[in-house]
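# Summary of structural features
Below are the chains, spelled out letter by letter.
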Amino acid sequence: MSRFTGKVALVTGGGSGIGRATALAFAREGATVVVAGRQAEPLDQAVTLIEAEGGRASAVPADVSSSEDVARLVATTVERHGGLHIAFNNAGVLAPGPLADLDEAAWDHQLAVNLTGVFLCMRHEIAHMRANGGGVIVNTASNIGAHLRIPYLGAYAATKAAVSALTRAAAREYIGEGIRINAISPGPVETSMSLRPGEAEADRAERLKDALPIGRAGTLAEAAAAVLWLASPEAGFTVGHDLVIDGGASA
Ligand code: NAD
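Per chain, residue numbering runs from 1 following the sequence as it is written. Since the coordinates come from a predicted model, pLDDT governs what is reported: local features require at least 70, and pairs of side-chain atoms require 80 or more to be given and counted, while whole-chain, interface and lining totals use all residues.

This paragraph deals with the sheet that holds strand E3 (residues 56-61). Here the rule is simple: two strands pair whenever DSSP picks up at least two bridges between them. A helix here means a DSSP run of H or I that spans at least four residues, while a strand means a run of E at least two residues long, and both kinds are numbered starting from the N terminus. An order of E3-E2-E1-E4-E5-E6-E7 is seen for the 7 strands of this open sheet, with the pairing classed as parallel. Edge positions in the open sheet fall to E3 and strand E7 (242-245), since each of these has one partner strand only. With strand direction ignored, the average angle separating the axes of adjacent strands in the sheet is 20°. The pairing of strand E2 (residues 32-37) with E3 spans 6 bridges and is classified as parallel. Bridge pairing in E3 links Ala36 to Val60. Note on method: axes are straight lines fitted to C-alpha atoms, helices fitted across the in-contact stretch only, with angles between N-to-C directions ranging 0 to 180 degrees.

Once that is clear, we can look at the site of the ligand. The ligand sits among 27 residues. The nearest are Gly13, Gly17, Ala91, Gly92 and Ser194. Of all the elements, helix H1 (residues 17-28) adds the most residues to the shell around the ligand, at 3 residues. To decide nearness, the C-beta atom of each residue is placed from the backbone, and the residue is near a molecule or strand if that atom lies within 6 Å of it.

Here we come to the packing of helix H4 (residues 104-130) against helix H6 (residues 154-174). Their axes nearest at 9 Å, the elements H4 and H6 cross at an angle of 15°. Between H4 and H6, the angle falls in the class roughly parallel. Both H4 and H6 take part in a crossing whose hand is right-handed. Packed against H4, whose contacting residues are Ala106, Trp107, Gln110, Leu111, Asn114, Leu115, Val118, Phe119, Met122, Ile126 and Arg130, the element H6 presents Ala155, Tyr156, Thr159, Lys160, Ala162, Val163, Leu166, Ala170 and Tyr174 at the interface. As a working rule, the residues Ala, Val, Leu, Ile, Met, Phe, Trp, Tyr, Cys and Pro are called nonpolar, Asp, Glu, Lys and Arg charged, and the rest polar, with Gly in that last group. Residues of the contact of H4 with H6, tallied by class, amount to 15 nonpolar, 3 polar and 2 charged. Angle categories: roughly parallel below 35 degrees, roughly antiparallel above 145, roughly perpendicular from 65 to 115, and oblique for all the rest. Helix crossings fall into two classes, left-handed where the near helix is turned counterclockwise from the far one by less than a right angle and right-handed where it is turned clockwise. The contact criterion used here is simple: two residues whose C-beta atoms, placed from the backbone, lie within 7 Å are in contact.

Our focus in this paragraph is unusual backbone geometry. A positive phi angle, close to 75°, is found at Tyr152, a residue other than glycine. Looking at the secondary structure, you find Tyr152 in the loop between helix H5 (143-146) and H6.

We define the nonpolar core as any set of buried residues of the types Ala, Val, Leu, Ile, Met, Phe, Trp, Tyr and Cys, connected via C-beta atoms lying within 7 Å of each other. Think of it as a crowd count around each C-beta: if 20 or more other C-beta atoms lie within 10 Å the residue is buried, if 12 or fewer it is exposed, and in between it is partly exposed, with C-beta placed from the backbone throughout. Within the largest apolar cluster, 71 residues are counted, with the highest numbers of intra-cluster contacts made by Ala9, Ala23, Phe26, Val33, Val35, Val138 and Val227. The contacts of Val33, once residues within four sequence positions are left out, are Ala9, Val11, Ala23, Phe26, Ala27, Ile50 and Ala57.

Bringing the environment of Ala87 into the picture now. Note that Ala87 resides in strand E4 (residues 86-89). Along the chain, Ala87 and Ala158 lie 71 residues apart, while their C-alpha atoms are 23 Å from each other. Among all residues touching Ala87, those that are not within four sequence positions of it are Leu10, Cys121, Glu125 and Ile137.

UniProt positions are given in the numbering used here, feature names are shortened, and annotations may be inferred rather than shown by experiment. Under the feature "domain: Ketoreductase" (unreviewed entry), the UniProt entry names residues 7-187. Along residues 7-187 one finds 51% helix and 19% strand; the C-alpha atoms at either end are 29 Å apart.

This next bit is on the pairing of E7. Consecutive side chains along a regular strand alternate between the two faces of the sheet. Only one face of E7 is buried: it carries Asp242 and Val244, and the other face, with Leu243 and Ile245, is open. Direction of pairing for strand E6 (residues 179-186) relative to E7: parallel, over a ladder of 4 bridges. When the bridges of E7 are listed, Ala183 appears paired with Asp242.

Looking now at the confidence of the model for the chain. On a scale of 0 to 100, pLDDT captures the predictor's confidence in every residue. Here the chain averages 97 in pLDDT, and 100% of its residues register 70 or above. The ipTM value of the predicted complex is 0.99, and its pTM value is 0.98.

Below, the structure is given as structure tokens:
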């Protein structure tokens, strides 16, 4: 099955975790993938992985919180591959801590990457897509945002709730121009981001047995599958949705 043959998909945060798994999944289903992130090395490794499976990919180092970088990212994607049909705005950072002790730099950084990054990516992606027959955008929010409250993650939660809100607003603004926009809101997925400071993977598994109704972390494949479905024609009537994939945590 090749749902994305002939499509160009851009994935931010594509050098690791959910982004890399989703980039691989898009490539397996025929898309040409551009992986973007801050550091070149993990991006090059992701490209090597995709090419080793016979897929097509390239890397563009870019900081999503920089308007210049994001403009260059979208322009480079289009120049190299002839278009941009799908964007997965997924780069994110998490700095936990009680609000009263959280330093302003940590607040600013989370806001800049998680929220301004999604805004900047959508702005440049939409500008291209509306002039070129439309497209599909999926943003990464979090269940810790619009869906669930957890202490010591207030700043992160605020940025992610805002991504959910921005997704809904943008979806309504641009569906009339053929740009379909949705979000995913994952719960703990088996990446380093869901580990507490100093926690081993086995300890996370033990913690989540009790903490989540499903009793385990989400897999990378489960996260990627949700993104691919939202990006596919099968989800053609799904607009402005925030797809919670969290094992029942916020149910
Ligand atoms: P991850 O740390 O592996 O991925 C985050 C990626 O974002 C990294 O590749 C990182 O290099 C990139 N990034 C960070 N700052 C950037 C910047 N300024 N510019 C460009 N790229 C930047 O962790 P992950 O779990 O794969 O996270 C992916 C997304 O999923 C994030 O938005 C995260 O908030 C969200 N999320 C994760 C979980 C989870 O449990 N893992 C749950 C809910 C939401």
